[in-house]
Amino acid sequence: MFKKPFKVKSNTQMKGSDKKKLKLELTKNFPKLTADDLKDILPQKDDLSLIKILTYNGESAYFYCIEKLPIFFSKGTKLYPTLYLLWRYPNLLPFFTTASEVLPVLQGGADFMAAGVISQNPRNRFGKVNKNDSVYVNCTDNKAAVAMGECALSSQDMYMSAGRGKCVIVLHVLDDELCKFGTVVPLPQQGPVLGKNTEHEEKAKPTNDENKPPSYANTLKAKDTEPRPKPQPQIVESEPEEIEPNDDNGELEHEEVQSNELESPDDILMYCFLKALNTSMKSIKLPLLISNFYKLHMIPACPEGKTIDIKKTSFKKMSKFIQQMSVDNLIKIEEPSPGVQSITQINYSHHLISGFVDHHNSDSGTSENTKASQPQVCETYTVTAAVLPIFSEFLCKKGESMTVSQARKYTAEYIRKHQLPLPNDNSTVRLDPVLKTLIAQGNTSEVPETAKWEEIMNRVLYKMSRSFKITTDGNSGFSQKGKLPMIDIRIANKAGGKKVTLINNLEAYGINMEEFSRECQRGVAASATINQVNGLKTPQLQIQGNQINFIEKILTGKYNIPKKYINGLQFAPKKK
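Since the model is a prediction, treat every value here as computed from it, not as a measurement.

Brief notes about the nonpolar core
- Judged by nonpolar contacts, the single largest core of 62 residues is most densely connected at Phe 73, Phe 96 and Phe 112.
- By residue number, the principal contributor to this core is strand E9 (residues 142–151), which donates 6 residues.
- Residues Cys 272, Ile 284, Ile 310 and Ile 331 belong to the second largest nonpolar core, which totals 34 residues.

Some thoughts on the packing of helix H14 (residues 404–417) against helix H16 (residues 453–463)
- It is at 10 Å that the axes of H14 and H16 come closest, and there the two elements cross at 125°. Classified by the angle their axes make, H14 and H16 are oblique. Handedness of the H14/H16 crossing: right-handed. Listed contacts from H16 to Val 404, Ala 407, Arg 408, Thr 411, Ala 412, Ile 415 and Arg 416 of H14 are Trp 453, Glu 454, Ile 456, Met 457, Asn 458, Val 460 and Leu 461.
- The residue inventory of the contact of H14 with H16, partitioned by class, reads 9 nonpolar, 2 polar and 3 charged.

A short note on a positive patch on the surface
- The grouping of Lys 311, Lys 316, Lys 317 and Lys 320 at the surface amounts to a positive patch.
- With respect to the helices and strands, the residue Lys 311 is situated in the loop between helix H10 (290–298) and helix H11 (318–327).
- Assessed through its relative accessible area of 48%, Lys 311 is described here as partly exposed.

Looking at the sheet that holds strand E17 (residues 340–346)
- Pairing within the open sheet is antiparallel, and its 3 strands lie in the order E15-E17-E16. The outermost strands of the open sheet, each flanked by one partner alone, are strand E15 (288–289) and strand E16 (331–337).
- The pairing of E15 with E17 spans 2 bridges and is classified as antiparallel. Paired with Leu 288 across the strands is Ile 343, a residue of E17.
- Across the sheet, H11 is in contact with E16 and E17; its angle to E16 comes to roughly 130°.

Things to note about the pattern of salt bridges
- Going through the model one piece at a time under the given rule, you end up with 11 salt bridges.
- The shortest N-O distance in the salt bridge between Arg 490 and Asp 488 comes to 2.6 Å.
- Looking at Asp 488, the relative accessible area reads 14%, which means it is buried.

Quick word on the environment of Thr 82
- Mapped onto the fold, Thr 82 is located in the loop between strand E5 (78–81) and helix H3 (83–88).
- A relative accessible area of 1% places Thr 82 in the buried class.
- For the pair Thr 82 and Leu 171, spaced 89 residues apart in sequence, the C-alpha separation works out to 9.8 Å.

With respect to the pairing of strand E10 (residues 166–173)
- Burial analysis of E10 places 6 of its 8 residues in the buried class, which makes it a mostly covered element.
- Across 2 bridges, the pairing between strand E7 (residues 112–113) and E10 is antiparallel. Paired with Met 113 across the bridge in E10 is Lys 166.
- The sheet contact formed by E9 and E10 spans 5 bridges and is antiparallel. For Cys 151, the partnering residue across the bridge sits in E10 and is Val 168.

The rules behind the values
Residues numbered from 1 in each chain as written. Predicted model: local features only at pLDDT ≥ 70, side-chain atom pairs only at ≥ 80, totals over all residues. Heavy atoms only, no water. Core = buried A, V, L, I, M, F, W, Y, C linked by side-chain atoms within 4.5 Å. Buried < 20%, exposed > 50% of the residue type's maximum accessible area, 1.4 Å probe, protein only. Helix = DSSP H or I, 4+ residues; strand = E, 2+ residues; numbered from the N terminus. Axes fitted to C-alpha atoms, helices over the stretch in contact; angles between N-to-C directions. Parallel < 35°, antiparallel > 145°, perpendicular 65-115°, else oblique. Left-handed = near helix turned anticlockwise from the far one by under 90°. Contact = heavy atoms within 4.5 Å. Nonpolar A, V, L, I, M, F, W, Y, C, P; charged D, E, K, R; others polar. Patch = residues over 30% accessible without salt bridge, like charges linked within 9 Å, V, L, I, M, F, W, Y side chains within 5 Å. Areas by Shrake-Rupley, 256 points an atom, 1.4 Å probe, with all protein chains shown as cover. Salt bridge = Lys/Arg side-chain N within 4 Å of Asp/Glu carboxyl O. Lys, Arg positive; Asp, Glu negative; His and termini not counted. Charge placed at Lys NZ, Arg CZ, Asp CG, Glu CD. Pairing = 2+ DSSP bridges.

Structure follows, in structure tokens:
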């Protein structure tokens, strides 16, 4: 944003009232700032200037200066701290750590890629951030911020993509034009992040023989370079059995990777390909982009302790591998546009696919044996004082719970026992004093002498207390008084006319949100994010695009949720 010189449109000194408004904005945007911090950042006697600029790409922006030192800048309605402020308050934003060799690449105008993230805890490598959250980047040898911007993906999406793609869209970097504006402060030394001689630092440093940056720095320079995926936990596979090579063109022979060991990168690649086709791909509607197939299906299918490294295989590129699979008649592919490949058909009769056997159940979530928890919903009604005269004849006590069918059964037996149905009209019931009191709406003098069966049944249920119980996989589950909340599905419009699907109350039905989110990511090849929304008791799931048809299919098919408990299915796109 500030990598090239900008044009100053106005420079206005702000009044005391403007400072108060800015403090309120800072409190909303940065809850971690205390009242003392705000007094320190915006001293009452120091001059505060608001500077409006026009960036090199024609965007309007603002930044705030205290005594010619930039402390905040804004893009749209959002405020961002400058590096100077982050040096004073490093806990203001979450951060990612990288090698110092990456800094020149960021200063050259590149965004920060997920492959460059270094952490001592690989399982929590990307922390807990959401898409568009403000974050900063520091180096292993210095905690001080060297760049800041917005998250390009959520932590979950970075993990699901195995550390591929952008991590931070850089808005402000050390020694850019914003740093050079007004007072220039050198980068402070705040101590190392990971300590000296860590495993990550040793890997990040260039070797003595080759004076070049590490692999993740090269990844930042070249967008088409494929970063190494995140290592998966280790699994032991069986010895591969060789398949006869294709004699016609001398292509590389394929091996039946069903063994206890996967030695070569080609073995791992073929194993992940076959496993993806035999598991998660069986429920996917084709065509599917090769990029989504690799990211959402092959990477999760990778054995524990192994990684897919395309550059170490004999194919070197994923496109060449997919082309070979098409030549060998395992799949059919098309190119809807130059350089973009899609899988249009899978040949499940091919001996490599039909004969594939995975001797180990991986925890990757792609195995067919992995079944989702299927919640069972049971609505119950509790006997109250208003209906006790009916149910007491069947030895039911006040406060006793029963199902809808049981309540209707006891009510029908009461009517027959007292010979209340009219002889000439079985659909009409003569009201006795108990039923008259039940039907009465406050004025007993206006109660009719007869009523329909269904009206009496509905009135009985209305006078009873409702509750519901949800059990999962035969466990005790949980119960709650009141009406069962429905799974609410709605479509929202985002910036640029893009649509997203929002799903609420999934956890009320005992559904694991992370498991459901991964299922949606694989099923529709779109990002899915779990958000905490103010006013909602349970987390909200957000999926790109209108995915109601898929959500209905998975809820009613895999999770056995009746449609009567799902609201919003009418907003599904009409099938052509």
